[in-house]
Amino acid sequence: MRTLSAFVESAVFAVLFALAGTAGADPAATRDLNATLDPGLQRGLGRVVRELGLADEIGARRLALALVDVTDAHAPRLAMLNGDEMMYAASLPKVAILFGAFAEVESGRLALDETHIEAMTNMIRYSSNEDASRVLAWVGPERLLEILQSDRYRFYDAAGAGGLWVGKAYGKDGAYRRDPIRRLSHSATAFQVARLYYLLAIDALFTPRLNELMREILSKPGIRHKFVKGLESRPGVRIYRKSGTWKDFHSDSALVEFGHYRYIIVGLTEHPHGGDWLVRLAAPLHDLVVSSR
């Protein structure tokens, strides 16, 4: 297994060629993920939730889920419950900081060197608050919000259901700008998180090489809980993920590869046992995608 320093060294070398690569698909030209709701997958998601005794948590809006089968990149299948519910997501929105950093790399405003890549990797794999605040400062807090709300990406829509928001560094300082809808500092909807992973999975965020590097940073989770723990019973999975935990708020998000299968799962919870819910949900949702194909 490669060490982090070895990964950083190879990543710095590889990125010398990344900006010269062919641009990925324009997100505006990709299929609207909302239009891919699949009745069969939706029924299956509802069945899993009922069998685990979590239907009341969905009704009380303490649990939000999104599931996207991207095994066929040209025909994704979406299912979600409370998918547009804005919730506090703790460290999960660090994936938005990573996205913003790569957007600035693509635009030429941020260089990718050993220092930058190592900080981004620690922010994602080990959820380092210090590195998250450092990367956020490199991007610029207001600049990140501008990118998230841009017409190109639309990961947060103040006139709609909201989405991904980072309005506070990951430290003791207060929020610099809370989201316009719920007044949260670090928030997300399951759908918009799933949509980010979807665009990354189909190479529609950046150039293919930058997408590959972003997926590499999201791989090899350093914290083994929630979806990662739940999928340990399914050998052979490869997981790209970011989770979050603060008090009663537990969240997780992942792009999962298993043989030729690829799917995205996102879960946001507000409950003392929310982390356990995500562990219990992971394997049945994996089986749902595999069996439905």
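Bear in mind the structure is a predicted one, so any value in this text is a computation, not a measurement.

What counts, and where the lines are drawn
- Residues numbered from 1 in each chain as written.
- Predicted model: local features only at pLDDT ≥ 70, side-chain atom pairs only at ≥ 80, totals over all residues.
- Heavy atoms only, no water.
- Helix = DSSP H or I, 4+ residues; strand = E, 2+ residues; numbered from the N terminus.
- Buried < 20%, exposed > 50% of the residue type's maximum accessible area, 1.4 Å probe, protein only.
- Pairing = 2+ DSSP bridges.
- Axes fitted to C-alpha atoms, helices over the stretch in contact; angles between N-to-C directions.
- Parallel < 35°, antiparallel > 145°, perpendicular 65-115°, else oblique.
- Contact = heavy atoms within 4.5 Å.
- Nonpolar A, V, L, I, M, F, W, Y, C, P; charged D, E, K, R; others polar.
- Core = buried A, V, L, I, M, F, W, Y, C linked by side-chain atoms within 4.5 Å.
- pLDDT = per-residue confidence, 0-100.
- Salt bridge = Lys/Arg side-chain N within 4 Å of Asp/Glu carboxyl O.
- Expected span 1.5 Å × (residues − 1).
- Polar contact = N/O pair within 3.5 Å; in protein donor to acceptor, adjacent residues only side chain to side chain.
- Phe/Tyr/Trp six-rings, centres within 6.5 Å; stacked < 30°, edge-to-face > 60°.
- Lys NZ or Arg CZ within 6 Å of the ring centre and 35° of its normal.

How do you make sense of the overall build of the protein chain when you look at a structure like this?
Scanning the protein chain for helices and strands turns up 11 helices and 10 strands. Within the protein chain, buried positions represent 56% of all 293 residues.

Which parts of the structure should I look at to understand the sheet that holds strand β2 (residues 77-81)?
Strands pair in a sheet through their backbones, by hydrogen bonds, and they do so in one of two ways: parallel or antiparallel. The strand order β2-β1-β10-β9-β8 describes an open sheet built from 5 strands, whose pairing is antiparallel. The open sheet has two edge strands, β2 and β8 (238-246), and neither has a second partner. The mean inter-strand angle of the sheet, taken between neighbouring strand axes irrespective of direction, is 5 degrees. Sheet topology note: the strand β1 (residues 63-69)/strand β10 (residues 261-270) ladder contains 7 bridges and is antiparallel.

Help me understand the sheet that holds strand β7 (residues 186-188), please; the structure alone is not making it clear to me.
Ordered by their spatial adjacency, 3 strands build an open sheet running β3-β7-β6, and the pairing between neighbours is antiparallel. The strands lining the two open edges of the sheet, one partner per strand, are β3 (87-88) and β6 (165-166). Judged from the 2 bridges that link them, β6 and β7 form a sheet pairing that is antiparallel. Pairing of Val-166 across the sheet is with His-186, part of β7.

Can you walk me through the packing of helix α8 (residues 190-201) against helix α9 (residues 208-218) in this structure?
Helix packing geometry: the angle between the two helix axes and the distance between the axes. Contact pair α8 / α9: the axes reach a minimum separation of 10 Å and the direction vectors enclose 125 degrees. Judged by the angle between their axes, α8 and α9 are oblique. Facing Leu-196, Tyr-197, Leu-200 and Ala-201 of α8, the residues of α9 in contact are Asn-211, Met-214, Arg-215 and Leu-218. Residues of the contact of α8 with α9, tallied by class, amount to 6 nonpolar, 1 polar and 1 charged.

Would you take a moment to explain the nonpolar core for this structure?
It is characteristic of soluble globular proteins that their nonpolar side chains tend to be buried jointly. Among the nonpolar cores identified, the biggest contains 66 residues, and Phe-99, Leu-205 and Met-214 are the most heavily contacted of them. Considering each element in turn, this core owes the most residues, 10 residues, to α8. Beyond its immediate chain neighbours, meaning those up to four positions away, Met-214 contacts Leu-98, Phe-99, Phe-102, Leu-196, Leu-200, Leu-205 and Phe-206. Listed in part, the 27 residues of the second largest apolar core include Val-49, Leu-54, Leu-65 and Val-228.

How should the confidence of the model for the protein chain be read in this particular structure?
Caution applies to low-pLDDT regions: their predicted coordinates should not be interpreted in detail. The predicted model of the protein chain averages 92 in pLDDT, with 89% of residues at 70 or higher. Counting contacts from residues 16-30, a segment whose pLDDT is below 50, to residues more than four positions away or on other chains yields 28 contacts.

Any chance you could explain the pattern of salt bridges here in plain terms?
Side-chain pairs of opposite charge can arise where the charged atoms are in close proximity. Under the criterion given, the structure shown has 20 salt bridges. Arg-61 is the partner of Glu-85 in a salt bridge, and the nearest nitrogen-oxygen pair spans 2.8 Å. With Glu-85 in the loop between β2 and β3 and Arg-61 in the loop between α3 (55-59) and β1, the pair connects residues that are 24 residues apart, well separated along the chain. Put simply, Glu-146 and Arg-143 hold a salt bridge, and the shortest N to O gap is 2.8 Å. Linking Glu-146 with Arg-143, this pair stays in helix α7 (residues 141-148), spanning 3 residues, or about one helical turn. Among the charged side chains, a salt-bridge network with shared partners connects Glu-104, Arg-109, Arg-143 and Glu-146.

For this particular structure, what's the right way to read helix α2 (residues 39-51)?
Every α-helical turn comprises 3.6 residues, leaving residues that sit three or four positions apart pointing alike. Its 13 residues place the ends of α2 18 Å apart at the C-alpha level, agreeing with the 18 Å of an ideal helix rising 1.5 Å per residue. Those residues of α2 that fall on the buried side of the exposure criterion are Leu-41, Gly-44, Leu-45, Gly-46, Val-48 and Val-49. Where the residues of α2 are buried, they touch α3, β1, β2 and α11 (274-292). Between a side-chain oxygen at the N-terminus of α2 and the backbone nitrogen of Gly-40 the separation is 3.2 Å; the capping residue is Asp-38. Positioned one or two residues after α2, Gly-53 has a phi angle of 75 degrees, which is positive.

Is there a simple way to think about the packing of aromatic side chains in this case?
All chains considered together, the criterion is met by 11 aromatic pairs. Relative to Tyr-153, the ring of Phe-99 has its centre 4.8 Å away and its plane inclined at 85 degrees; by these criteria the two rings are edge-to-face. Of this pair, Phe-99 sits in helix α4 (residues 94-107) while Tyr-153 sits in the loop between α7 and β4 (156-157), and the two are 54 residues apart along the sequence. Each member of the pair, Phe-99 as well as Tyr-153, is classed as buried. On the basis of an interplanar angle of 90 degrees and a centroid distance of 5.0 Å, the ring pair of Phe-99 and Phe-155 is categorised as edge-to-face. Here the residue Phe-99 occupies a position in helix α4, and Phe-155 occupies one in the loop between α7 and β4, the gap between them amounting to 56 residues. Judged by its relative accessible area of 0%, Phe-99 falls in the buried class. Here the aromatic residues Phe-99, Phe-102, Tyr-153, Phe-155 and Phe-206 are joined through ring pairs into a cluster of three or more. Against the face of Tyr-170 rests Lys-94, its NZ or CZ located 4.7 Å from the ring centre.

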